[in-house]
Amino acid sequence: MSSHTIQELVAMEPILGASRDELERLQLERLRSTLRHAYANNANYRRKFDAAGVHPDDLRALADLARFPFTTKEDLRGAYPFGFFSVPRERVARIHASSGTTGKPTVVGYTRNDLATWGSLVARSIRAAGGAGCTVIPMSGGQTEKQVQLIRDFAPDIIMVTPSYMLAILDEFRRLGYDPRSTSLRIGIFGAEPWSDGMRAEIESAFNLIACDIYGLSEVMGPGVAQEFGGTKEGPTIWEDHFIAEIVDPASGRVAEDGELGELVFTSLTKEAMPVIRYRTRDLTRLLPGSMTAMRRMAKISGRTDDMLVVRGVNVFPSQIEEMILRCKGLAPHYEIEVTRPNRLDEITIVVEARPELADNAQQRAALLLAAALKDNIGISAEIRVTASGSLPRSAGKANRVKDRR
């Protein structure tokens, strides 16, 4: 982004130009209010705080937040459906629920003020990416041919989807014989799943646009918790006037220093219906100094504590495998990972699509190159199967690439 755009953002939202000291004073004030609100109006938080021997009045500095207990997805599911709401039901203007693929869904509530806050943060995120004054064209996932038609007919500047679905849209452009670089799209805002720098380069080159990372999760608010400034490729800036971020060791819960890799933990500062206190996201990343503002950035999500594969003692994340695939000329970013244990030893098989231009007689060499890259860079031995272009299923939402059959 240009400095002119940053100046415009600060003019619209002066908090973005605040110093670190000013920001932390605001965080402390809002954190005290949030802890008191949660303790007074949410029996689950009151029990958790009492069991940990802490009270909202014990918070005298931001560092004291580490004394308070974590909140997990299991806590939210255990209070299904409305046990984590902190306002009377008549004040809840909207409810979201997860798909509930394992166990009961997590239910999230919003007051009218919460919805206004969320809307303003999504607007801030779009402005940070380089957009302004947007007309929204809502469309759910799927109907990919119609997505292509609307992109061509309506000429939007910005698209917001998962990165894996953007690849499905790319395939559809090519299937229909259209040049994806000829569209009006100039900015892509992608999130909801880990995606590598290799995939960023793939999308930017294919569509001739700037790809930006957005971060959020429904339990904390939704998309718009953090946003990458357009063109910087420096990782999303966390909107720290509304959220406190921590990095903790996934095993011990110890708070890590900025720059250390660990699990991302969020505390909301302005949510009314369902504040979250030290919510463990399971996402692995690092906290970095702010570059465009005093608000800190987060590195690109490298994986999740619950999607890490341990293969013969080696920790492996799908995003690492994706990065290796995209380094191999002739292989496409469509793949599936299968882990089995046929003879008491882990075996990993990766099925990956060839690009259309890869000749059949070159597929074996591409497989050998990928196997060598995985061994040299990650330390795993894998069976590689290169399959024809377009043979693997496409995702209209978050991609499900791992099948652990052990």
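Our subject in this report is the structure included herewith.

Cut-offs and rules
- Residues numbered from 1 in each chain as written.
- Predicted model: local features only at pLDDT ≥ 70, side-chain atom pairs only at ≥ 80, totals over all residues.
- Heavy atoms only, no water.
- Helix = DSSP H or I, 4+ residues; strand = E, 2+ residues; numbered from the N terminus.
- Rg over C-alpha atoms; globule rule 2.2 N^0.38 Å.
- Buried < 20%, exposed > 50% of the residue type's maximum accessible area, 1.4 Å probe, protein only.
- Contact = heavy atoms within 4.5 Å.
- Areas by Shrake-Rupley, 256 points an atom, 1.4 Å probe, with all protein chains shown as cover.
- Core = buried A, V, L, I, M, F, W, Y, C linked by side-chain atoms within 4.5 Å.
- Pairing = 2+ DSSP bridges.
- Salt bridge = Lys/Arg side-chain N within 4 Å of Asp/Glu carboxyl O.
- Axes fitted to C-alpha atoms, helices over the stretch in contact; angles between N-to-C directions.
- Expected span 1.5 Å × (residues − 1).
- Left-handed = near helix turned anticlockwise from the far one by under 90°.
- Nonpolar A, V, L, I, M, F, W, Y, C, P; charged D, E, K, R; others polar.
- Disulfide = S-S within 2.5 Å.
- Right-handed = clockwise from strand over helix to strand, strands pointing away.
- Parallel < 35°, antiparallel > 145°, perpendicular 65-115°, else oblique.

Points about the overall build of the protein chain
A count of helices and strands for the protein chain gives 10 helices and 19 strands. Radius of gyration (C-alpha) of the protein chain: 22 Å, near the 22 Å computed for a compact globule of 406 residues. Each of the three principal axes of the protein chain carries a C-alpha extent, and together these read 70 × 55 × 40 Å. Across the 406 residues that make up the protein chain, the buried fraction comes to 50%. The contacts of the protein chain with a sequence gap of at least 6 include a subset with a gap of at least 24, amounting to 61%. Entry remark: accessible area of the protein chain is about 18700 Å², with carbon and sulfur atoms responsible for 48%.

Quick word on the nonpolar core
Counting residues in hydrophobic clusters, the biggest one holds 53 residues, and the most contacted among them are F49, Y215, V220, L264, F266 and M298. At 6 residues, the largest contribution of residues to this core is made by helix α2 (residues 20–41). The next biggest cluster of nonpolar side chains, apart from the first, holds 26 residues, and it includes I325, C328, L331 and V386.

With respect to the pairing of strand β16 (residues 331–340)
The element β16 is largely enclosed, with a buried count of 8 among its 10 residues. Note: β16 against strand β17 (residues 347–354), 7 bridges, orientation antiparallel. Paired with V339 across the bridge in β17 is I348. Between β16 and the antiparallel strand that follows it, β17, lie 6 residues; R344 among them carries a positive phi value of about 70°.

Here we look at the pattern of salt bridges
Considering all chains together, one arrives at 34 salt bridges under this definition. Taking the shortest distance from any N to any O, the salt bridge between R401 and E322 comes out at 3.8 Å. Remark: E322 occurs in helix α9 (residues 318–327) and R401 occurs in the loop between β18 (383–387) and β19 (402–404); sequence separation between them is 79 residues. With respect to burial, R401 and E322 carry one shared label: buried. When salt bridges with common partners are traced through the structure, they connect R20, E24, E240, D258 and R296 into a single cluster.

What to know about the sheet that holds β18
Backbone hydrogen bonds hold the strands of a sheet together, and the pairing may be parallel or antiparallel. The strand order across the open sheet built from 4 strands is β18-β17-β16-β19, with neighbouring strands paired in mixed fashion. Each edge of the open sheet carries a strand with a single partner, namely β18 and β19. Shown here is a sheet whose adjacent strand axes are inclined to one another by a mean of 20°, direction ignored.

Considering helix α5 (residues 112–129)
The end-to-end C-alpha distance of α5 is 26 Å, a good match for the 26 Å that 18 residues give at a rise of 1.5 Å each. Those residues of α5 lying buried are D114, T117, W118, L121, R124, S125, I126, R127, A128 and A129. At the C-terminal side of α5, G130 shows a positive phi close to 120°.

Observations regarding the sheet that holds strand β10 (residues 279–285)
The antiparallel open sheet is built from 4 strands, whose spatial order is β8-β9-β10-β13. Edge positions in the sheet fall to β8 (243–248) and β13 (303–304), since each of these pairs with one other strand and no more.

Focus: the side chain of D241
Within the element layout of this structure, D241 appears in the loop between β7 (237–238) and β8. Residue classification places D241 among the buried positions, given a relative accessible area of 3%. With residues up to four places along the chain from it excluded, the contact list for D241 reads I15, L23, L26, R30, R124, L269, T270 and M295.

Describing the packing of helix α7 (residues 163–175) against helix α8 (residues 197–207)
Two elements in contact, α7 and α8, have axes whose closest approach is 11 Å; the angle formed by their N-to-C orientations is 35°. Two packed elements cross with a definite hand, and for α7 against α8 that hand is left-handed. Along the contact surface, α7 presents P163, S164, M166, L167, I169, L170, F173 and R174, while α8 presents M199, E202, I203, A206 and F207. For the contact of α7 with α8, the per-class residue count stands at 10 nonpolar, 1 polar and 2 charged.

Focus: the state of the cysteines
The final tally for this structure, using the stated rule, is 0 disulfides. In this structure C134 is a free cysteine whose sulfur lies 12 Å from that of C212, the closest cysteine sulfur available.

Points about the pairing of β17
Among the 8 residues in β17, 7 count as buried, and that is most of the element. Relative to β18, β17 runs parallel, the two being bridged by 5 bridges. Each residue of the ladder has a partner; that of V351, found in β18, is R385. As a crossover connection, the stretch from β17 through helix α10 (residues 363–377) into β18 is right-handed.

A short note on the packing of α2 against helix α3 (residues 43–52)
Look at α2 against α3: their axes get within 5 Å of each other, and the N-to-C directions meet at 105°. When the axes of α2 and α3 are compared, the pair comes out roughly perpendicular. For the pair formed by α2 and α3, the contact residues are L35, A38, Y39, A40 and N41 on the first element and A43, Y45, R46, F49 and D50 on the second. Taken together, the residues of the contact of α2 with α3 break down into 7 nonpolar, 1 polar and 2 charged.

Here we look at unusual backbone geometry
Backbone torsion omega between Y80 and P81 reads 0°, so that peptide bond is classified as cis. The topology assignment puts P81 in the loop between α4 (73–78) and β1 (94–97). The phi dihedral of R312 falls on the positive side, at around 50°, and the residue is not glycine. Position of R312 among the secondary structure elements: in the loop between β14 (309–311) and β15 (314–316). The class for R312 is partly exposed, based on a relative accessible area of 49%.

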